[in-house]
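The residues making up each chain are set out below.
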Amino acid sequence: MTTIAPTTGTITSAGIGSGLNVNSIISSLMAVESQPLTALQSQATTLQTDLSAFGQVQSLVSSLQDSAKTLFDPNSFNLTNTSSTNPSSVSAATTSGAVPGLYSVSVSSLSAGQSIVSPTGQYTDGTSVVGTGSLTIQLGSWSADHSTFTPGTGSAVPIPIGASADTLAGVAAAINAANAGVSATIVTDASGARLALQSSATGSANGFRISVADDDGNNTDASGLSRLAYDPQNGAGQMTLAQAAANAQATINGISVTSSSNTLSSVIGGVTFNLGQTTTQPVTINVTPNTTAIQSDVTAFVSAFNALNTFLATETKYDPTTNTAAPLQGDSTATSIQNQMHNLISQVTGASSTFATLSSLGIQLQTDGSLQLNSTTFNSALTNLPELTKALSNVDTTNASNNGFGAVFSNWADSLLNTGGTLPGKTAAIQSSITSNQKDQDTMNTQLAATQARLQAQYTALDATMSQANSLAAYVQQQFYAKSSFGSGSSSN
């Protein structure tokens, strides 16, 4: 180590004067002194590896619990598929709780919204002037001959038409901006332009009438804004009815039903019928259990179990060939989790009188501790869906032995994952050890720094002492040879 003397400015280096390799000596001594620190650092690496491993275990157990929860959710076994003999006329969709069965559906009419159109030949295009005044739109129901109008529960909507919006396009834009339950479009053909108005929603209750307050003083003639009136009950009907508002009319298994829309969502619980067109023959809708979804849920459970089993097997193994132990080899917590999950596989449940074990459902334990789904056995179990459902999804809050396997595995996972559970406790213990280890390292580093400073001071002092001794020895030797040389010269004379 080279230093500059503060008083003389001369450069010195430990070992130069004495010939000792001071830096090498100190490095060797510090290597010995640092062995406890090296051991602490190695322990810290092991602890971090353990923490990471148990973090992965916690994640895999959580995934297994998620898949188990799906199995004890009764809705998972209430999923259904639908088919139709004429899907263009009637199709269906189901939600959880739909009852499997056959539904015969006949459609006599579809729902419709009211549509009216202005007479031909009155307007050339969208820039044609209509007139000024005010339109008032009221939603409600018309009688069959459109002679009587019954207002709905909503308020009538007035739409002022000023000089800046008195064209056909301006009137259409004003109606659309009013959000009165009626939309406006301009239809243009060889005869010119016409204003078409449609109900925004279908159903007989979504008919409408239009009354006019025309600035020309006549609200019912074929001139000015009154040309857009549609109010037959009050003698104002310049607009032509193109389509009347109507409900859909159908029968389901011989029962007559009506709907304001072509979607029948509340007629049969869990089943929505979509009407596409009228029918001449009944359409058969077949609602069947969705066994594919059930098998997918069971397969997901098997995969989640195997992922946890594989990880634990890998992390706890010992390789006698290389004498190498995996990070969790010999860890009692990891070994306990392995044993518990394998014991659960062989557990017997009273949830079902037919399927008492997982193996009876086709979920079979393999020699490596993993699970395999036997499709033949499982498909056979699917033919007895009520008992299969009980075996997997039953929950008995008074007698745990009657819980289905979904609840069994979910509850077990919860005991590992909850706040006072095994895995958070293990993780906290490792983290505490990591914190303690770091404190020990910090203390050791402080001690080593002090030791190195002490050794540096001692060997620097030794170096200085030996340097002085060497200088004195050299001086004595020089004097000795000088006197010997002088004596020899005198005797020769």
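Preceding this paragraph is the structure being described.
First things first, this report covers the structure right here in the doc. Here the structure is a predicted model, which means the values were calculated and not measured. (Residues numbered from 1 in each chain as written. Predicted model: local features only at pLDDT ≥ 70, side-chain atom pairs only at ≥ 80, totals over all residues. Heavy atoms only, no water.)

**Considerations on the packing of aromatic side chains**
Move 1: One pass over the structure, following the stated rule, counts six aromatic pairs.
Move 2: Plain terms: the ring middles of Tyr-103 and Phe-273 are 6.0 Å apart, the flat faces sit at 70° to each other, and that makes the pair edge-to-face. Of this pair, Tyr-103 sits in strand β5 (residues 101-109) while Phe-273 sits in strand β17 (residues 271-275); the two residues are 170 residues apart in sequence, bridging distant segments of the chain.
Move 3: On the basis of relative accessible area, Phe-273 is assigned to the buried category, the value being 0%.
Move 4: Ring centres of Phe-409 and Trp-412 lie 6.5 Å apart, and the angle between their planes is 85°; this geometry places the pair in the edge-to-face category. Of this pair, Phe-409 and Trp-412 both sit in helix α8 (residues 405-417), three residues apart, which is roughly one turn of that helix. (Phe/Tyr/Trp six-rings, centres within 6.5 Å; stacked < 30°, edge-to-face > 60°. Helix = DSSP H or I, 4+ residues; strand = E, 2+ residues; numbered from the N terminus. Buried < 20%, exposed > 50% of the residue type's maximum accessible area, 1.4 Å probe, protein only.)

**Examining the sheet that holds β5**
Move 1: On the basis of which strands lie adjacent, the open sheet formed by five strands has the order β3-β18-β5-β14-β15 and antiparallel pairing. The strands lining the two open edges of the sheet, one partner per strand, are β3 (80-84) and β15 (255-259). In this sheet, adjacent strand axes meet at a mean angle of 25° when their direction is disregarded.
Move 2: The pairing of β5 with strand β18 (residues 283-289) spans five bridges and is antiparallel. (Pairing = 2+ DSSP bridges. Axes fitted to C-alpha atoms, helices over the stretch in contact; angles between N-to-C directions.)

**Overview of the packing of helix α5 (residues 332-345) against α8**
Move 1: Interaxial distance between α5 and α8 falls to 11 Å at its minimum, and their mutual angle equals 165°. It follows from the interaxial angle that α5 and α8 lie roughly antiparallel. In this structure, the crossing between α5 and α8 has a hand that is right-handed. On the side of α5, the interface is formed by Ile-337, Gln-340, Met-341, Leu-344 and Ile-345, while α8 contributes Val-408, Phe-409, Trp-412 and Leu-416.
Move 2: Here the residues of the contact of α5 with α8 sort into eight nonpolar, one polar and no charged. (Parallel < 35°, antiparallel > 145°, perpendicular 65-115°, else oblique. Left-handed = near helix turned anticlockwise from the far one by under 90°. Contact = heavy atoms within 4.5 Å. Nonpolar A, V, L, I, M, F, W, Y, C, P; charged D, E, K, R; others polar.)

**Observations regarding the nonpolar core**
Move 1: Counting 49 residues, the largest nonpolar core has Leu-308, Leu-388, Phe-409 and Trp-412 as its most contacted members.
Move 2: Sorting the residues of this core by element identifies α2 (35-71), α4 (291-315), α5, β22 (371-373), α6 (375-382), α7 (385-393), α8 and α9 (422-492) as the ones contributing at least two each.
Move 3: In terms of residue count, the dominant contributor to this core is α2 (10 residues).
Move 4: Setting aside anything within four residues of it in sequence, one finds Leu-388 in contact with Ile-294, Phe-355, Leu-361, Phe-378, Ala-381 and Leu-382.
Move 5: Counting 29 residues, the second largest nonpolar core, distinct from the first, contains Tyr-123, Val-212, Ala-236 and Met-239. (Core = buried A, V, L, I, M, F, W, Y, C linked by side-chain atoms within 4.5 Å.)

**Some points on the sheet that holds strand β13 (residues 240-243)**
Move 1: Overall, antiparallel pairing links the four strands, which are arranged β10-β11-β6-β13 in an open sheet. Looking at strand neighbours, the two that pair on one side only are β10 (182-189) and β13, the edges of this open sheet. Pairs of neighbouring strands in the sheet enclose a mean axial angle of 30°, with direction left out of account.
Move 2: Lying on the sheet, helix α3 (residues 168-178) is in contact with β10 and β11 (192-199); it crosses β10 at an angle near 155°.

**A look at the pattern of salt bridges**
Move 1: Tallied over the entire structure, the rule returns three salt bridges.
Move 2: Note that Lys-426 and Asp-331 form a salt bridge whose closest N and O atoms lie 3.0 Å from each other. Note that Lys-426 is positioned in helix α9 and Asp-331 in the loop between β20 (324-325) and α5, a separation of 95 residues in sequence.
Move 3: A relative accessible area of 14% means that Asp-331 is categorised as buried.
Move 4: Between Lys-390 and Glu-387 there is a salt bridge whose closest N-O contact spans 3.2 Å. In this pair, Lys-390 and Glu-387 are both assigned in helix α7, three residues apart and thus about one turn of the helix distant.
Move 5: Owing to a relative accessible area of 12%, Glu-387 belongs among the buried residues under this scheme. (Salt bridge = Lys/Arg side-chain N within 4 Å of Asp/Glu carboxyl O.)

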